[in-house]
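# A look at the structure
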Amino acid sequence: MIAIILNGVEVQVEEHWSVLEATKFYGLAIPTLCYHEGLSPFGGCRLCLVEIGEAPRTKLISSCTYRVEPGLIVRTDTRRVVEARRIMIELMLSTAPYSKVLQDLASKYGVTRQRFKPRNDECILCGLCVRMCAEQMDGRAIGFQNRGHKKKVSTPFDRRSEECRLCGGCIYICPVCQLRCQGPQADTALCNACLTMEPTCLEQYDELRCWMYDAGRCGTCVQPNPDQSK
Amino acid sequence: MPLMKPIVDFEKLKEIRAEILRDRKKRKRTITVCGGTGCHAYGCLKVAQAFQREIKKQRLQNSVEVRITGCHGFCERGPIVVIQPEGIFYQRIKLKDVKEVISKTIKNKKIIDRLLYVDPETNKKIVYEKAVPFYKKQRRIIFGHNGLIDPTEIKDYIAVNGYSALSKVLSRMTPPEVIEEIKNSGLRGRGGAGFPTGSKWEVTAKAPSPVKYIVCNCDEGDPGAYMDRSLLEGNPHSVLEGMLIGAFAIGAQEGYVYVRAEYPIAVENISMAIEQARKYNLLGKNILGSDFSFDVFVSKGAGAFVSGEETALLASIEGKIGVPQQRPPYPAQQGLRGKPTNINNVETWANVPFIINKGASWYSQIGTNGSKGTKIFSLVGKINNTGLVEVPMGMTLREIIFDIGGGIPEGKKFKAVQTGGPSGGCIPQELIDLPIDYESLARAGSIMGSGGMIVMDEDTCMVDVAKYFLNFLRDESCGKCVSCREGTQRMWEIVKNITDGRAKMEDLALLEELAGAVKDASLCGLGQTAANPVLSTLRYFRHEYETHLKQMRCPALVCKEIVGSPCQYICPADQEASTYIALIARGDLAEAYRIIRKDNPLPSVCGRVCNHPCEKVCRASETGEPIAIRALKRFVLDWAASHNLKPSLPSRELKSEKVAVVGAGPAGLSAAYILSLKGYPVTVFEASPVAGGWLALGIPEHRLPRQALQADLDHIRKAGVTIKTNTVLGRDITVSGLFSQGFKAVFIATGAHKSMRLEIPGEEARGVLKGTEYLKKINLGQKAELGRRVAVIGGGNTAIDAARAAMRDPSCQKVMILYRRTREEMPAFSEEVEAAIEEGVDIRFLAAPVKVLTEGGRVIGLECIRMKLGDKDESGRRKPVPLSGSEFKLKLDTVIAAIGERADAGSLTKGESIDISQWETIVTDPETLATNRPGVFAGGDVATGPRTVVEAIGQGKLAAESMAQYLEGVQPVREYKLNRPSLYVEPMELSAEETAKASRPKIPRLTVKDRRLSFREVIQGLNEAQAVREARRCLRCDLETEDGKKAIGKNT
């Protein structure tokens, strides 16, 4: 066991854990889209970003790919983290506007505007399907093609793959292409109909000591959403 | 010679070197031909073969050797040939020069003048390579041997002391000593991040693993950067030697050179070098007889920019997709195949043998405190001496760009330099004295990167630059992180919208927010720096973004969708040049006339005296001569006049608010005309007896016949404008008085015609005239008393007009112009200067008056002084400096001072509570031309200072729009629109033959004899056939926009 400082509290964690595993163990809800317990970490969706290090030289890292190290200072919900997550949600939502998972995340994070032109790729390239196929199904039927803005998930040469056993694992694990948002499907690509979800304690805080079972209840951390207060 | 036998110990290496050198001495001369990639493109291989053939033919094989070497760096001047040992530097050698070089230079030691490099500063020819300014200020350590050795010959490398550092390390040093030496040298990684190399080696050396690797990173992918390529092509053994030393220090058994497959010569040369080194036992088991064993393999990359990132590079070597991984674990802990791996850039490795040979203390003397040694930069873009330069760290940008790079081509202005490739940033002109090292570049918002330097001149649009790099990055992002993949794509989309004139101001805020998030949230170096092109251009060139967004203007005329056809874009009067030219090409002259008249109240005037900014930006001039736009316009106007064509006036609703315009010059008349078309009753008050302002009073008839002006004036009057002459502001009328007479708005456009004084003794003497007053007199038909010998002082249009008018005065026998700079700096239109010279005006450049010589209060002469051009001043022109002792006297009867005019608004508007600037101009809001006094607007020269006719027309039109808004009771706001024609005319098909023949027509002029003593118009019009032929030559830039492309084929 080693000690890290999590949101201002020194906690003990297993050496082989990632930062995400450590935060999970201590009950902190960190949003993820490309992470799955049964698969290798990827670090593509950039939602599990946390801030590490000491001011002024802190930086954002994806907690799913970053291994804990002794004395590591981790802050999970600083303003910088939340703002970065908001942009990531907005970016992903612009490519998969009908995804319920993303719409819910947008609601939760108070993303109330879609400023990019919706593209409806219905894919956020999180790579869960690729890893599911390779690591759990031992299939390797699908993979990434190209790079940059041309990147996509497909079978080799876009032909039907001999390796594919039609197990459906890829579809099962996809966070965006299955669950459709049932809210109003306007061009704005944001429904925000689910803003009535569980009250959340998502607002920014640097160090907070009520983070275990009191999340949101003590009242100190619940601040008005900056977008709504405008 | 014991070639290709393993070298078994250190002594043997020395022996071989001595033997090679002995063998070399037999041949006296070596012709080195640069074999860099640039020179390859110029055809250096053929040149080298020709040399070989010629040498054989002339039986010189035993005394002369031809060697294809590595890159000499001066790519601009390729193919480069240097004759050693003298170092005679020949540039741009062609096949036909080969024979002469052999017979003259090699055989007879004669220098061939025309093949030498000419220093553009001094215009002197330079014989020796080391004297060329491009090389003089460089310190070529790493590149030093490139020009001497054949990269495919290990012997050449051994001859220049190659592998002696390896020999030293293996025989006398321990690995920790080597690391210590590198640490002490202060060498930092040349790949971009600048991590201290020694420390990096130490970490890998200390990593507990029996198996370790080293890697040479030659995945050079920045646009415009090719120094790593050149090094690997030109001196592969130096890289190998560096790697061998590194491997020894770190304890690695295998090394990889990761190089792009699209660098075929680099791949070939390094592979050959590895082969040769293996044969010499410089690679393999028990190197040089020691117990150190090491081997190197080449790994070819497929050309993904992201594979230069070290974790992605390792993935690529392993055969996986080049995608970066989270660090830690760092490659030094877990790298290639999970083993500790040390990765360095090509240039870093090449530095190592020099540090070992000459010592850390020698090396650390070069450079700055934090950055040691030299750095190779790839100097490209808008620069005279394109090429690779190696300079000590800490050299300023000015030295690199101007002293070594030779400055900007065509005398254009330097604007910015982009360093560090797509992850770098743009450094603006203000920071030109920045010493270049890792820290200073980072502070300026850029990075060293691998050393790319893209120089940009005034014709570069910085928003377009950002778009270019974003386009590169959205292609080259690995696509793993949302932030980078989607972020670069969306940033590109926003910037593209800005360059297309389709974005809103809030998009700029979004762009900044997004740029911050991309930088913050991305996994690897590529993503973390992907926003730099945006952030650095925003930091230094935010105004350019704002100009694109708010005004839909691209000051550099780059962004196609915004600019449309440059001729229309640049015209202050919004003349749709490309449209009427297209109509002329189709023979529809009546429609062309309508289009011209639609936007310009004074087209007959403009067709003759406009300074035609349209022709300066005409895209046809990029490959030939610009379209003769002014002549085409005049042709249409002349045609309309001869066919008695009268333009129709649009129907309008008459309004009651009276408007007063003060000044019947181009600005006043244009405002009056447009307001009148909008239905307002307009009265123009003019001080002089005639309307037209400077067009009637200043420009002599040989340039602008009065009937042309009259035609435009008639049309303006027909539109309902009343012109009252002989009414002077401040004497007969006042602004307040106009308001009390019932005028609801006033536009002041009184011009700027107060002649500036010479400020020399004797200026008050009789016979010293002011240029403007002289021109006014002759234009009003009054007598101007000129003597027999006349000197005009000045270099502007007034000076030329005055001189040419004086030439037409029968009492004048000699007319000269004194100008203190040279012809190049003359502000007068060059065609006017040319015509003046033709007519016999004696222009004396670099001469300035000191004193007017008088006798009895009358001019008898002028004392002058010679000038020379000094350094450039703020305006970019070279300042004239008097040469003391060079005074001379001229015998003269009349001196006309025409050194410039200025406005005189203060005395005209005294007591009117209108703000006046220190230049005696009226202060206006440039967006609306409103003055501080409500209802009072001002424009033209009285607000801007002396400008051109067409600018005055533009000001008048702008004022009219603002005044109309004011009269309707709304706050005037300037409306900006994308530059589009009102009509798309179908393009013409030109036959190949016509295209080949097409050229600008020679504009006919009166013969010099006919011009004598006559004010007949000098420039004549084109005939219809000439005009149509010229119009067909137009490239039709208006069809290049998306709208234009859509319109083709729709309205035939």
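Residues numbered from 1 in each chain as written. Chains lettered and ligands numbered in written order. Predicted model: local features only at pLDDT ≥ 70, side-chain atom pairs only at ≥ 80, totals over all residues.

### Quick word on the overall build of chain A
The line we're drawing: Put simply, DSSP H or I for four residues or longer makes a helix, DSSP E for two residues or longer makes a strand, and each gets a number counted from the N terminus. Three classes are used. A residue is buried when 20 or more other C-beta atoms lie within 10 Å of its own, exposed when 12 or fewer do, and partly exposed in between, with C-beta atoms placed from the backbone. Each residue gets a C-beta atom placed from its backbone, and two residues are in contact if those atoms lie within 7 Å.
A count of helices and strands for chain A gives six helices and seven strands. In chain A, the order of α-helices and β-strands from amino to carboxyl end is β-β-α-β-β-β-α-α-α-β-β-α-α. Looking at chain A as a whole, 39% of its 230 residues are labelled buried. When contacts within chain A are restricted to residue pairs at least 6 apart in sequence, long-range pairs at least 24 apart make up 61% of them.

### Let's talk about the interface of chain A and chain B
Interface size, as often reported, equals the accessible area lost upon joining of the parts. Keep this limit in mind: Following the grouping adopted for this structure description, the nonpolar residues are Ala, Val, Leu, Ile, Met, Phe, Trp, Tyr, Cys and Pro, the charged ones are Asp, Glu, Lys and Arg, and the polar ones are all others, Gly among them.
Contacts between chain A and chain B engage 26 residues on the former and 27 residues on the latter. Residue assignment for the side of chain A that touches chain B shows that the elements contributing at least two residues are strand 4 (59-62) and helix 2 (79-95) of chain A. The greatest single-element share of the side of chain A that touches chain B, amounting to seven residues, is contributed by helix 2 of chain A. Taken together, the residues of the side of chain A that touches chain B sort by class into 13 nonpolar, seven polar and six charged.

### Some details on the packing of helix 34 (residues 771-779) of chain B against helix 35 (residues 797-807) of chain B
Residues and elements named next belong to chain B. Definition in use: To get an axis, a line is fitted to the C-alpha atoms, and for a helix only the part in contact is used. The angle between two axes follows their N-to-C directions and goes from 0 to 180 degrees. For classification purposes, angles smaller than 35 degrees are called roughly parallel, those larger than 145 roughly antiparallel, those between 65 and 115 roughly perpendicular, and all remaining angles oblique. Note on convention: the crossing is left-handed when the near helix lies turned anticlockwise from the far helix by less than a right angle, right-handed when the turn is clockwise.
At their nearest, the axes of helix 34 and helix 35 sit 10 Å apart, and the two run at 45° to each other. On the basis of their axis angle, the class for helix 34 and helix 35 is oblique. Regarding helix 34 and helix 35, the two cross each other, and that crossing is left-handed. Packed against helix 34, whose contacting residues are Gly771, Thr772, Tyr774, Leu775 and Ile778, the element helix 35 presents Thr798, Ala799, Asp801, Ala802 and Ala805 at the interface. Of the residues belonging to the contact of helix 34 with helix 35, the class tally is six nonpolar, three polar and one charged.

### A short note on the sheet that holds strand 15 (residues 452-457) of chain B
All names here are of chain B. Test applied: A pair of strands is treated as paired once DSSP finds two or more bridges between them.
Taking strand neighbours across the sheet as the criterion, the five strands line up as 12-11-15-13-14 in an open arrangement whose pairing is mixed. Since the sheet does not close on itself, it has two edges, and those belong to strand 12 (387-392) and strand 14 (425-428), each with one partner. Between one strand axis and the next, the sheet turns by 30° as a mean value, whatever way the strands run. Taken together, the six bridges between strand 11 (residues 374-381) and strand 12 define a ladder with antiparallel strand orientation. Residue pairing in the sheet places Leu379 in a bridge with Gly387 of strand 12.

### Some thoughts on helix 26 (residues 589-599) of chain B
Regarding helix 26 of chain B, the residues found buried are B:Leu589, B:Ala592, B:Tyr593, B:Ile595, B:Ile596 and B:Arg597. Where the residues of helix 26 of chain B are buried, they touch helix 25 (577-585), helix 27 (603-609) and helix 29 (629-642) of chain B.

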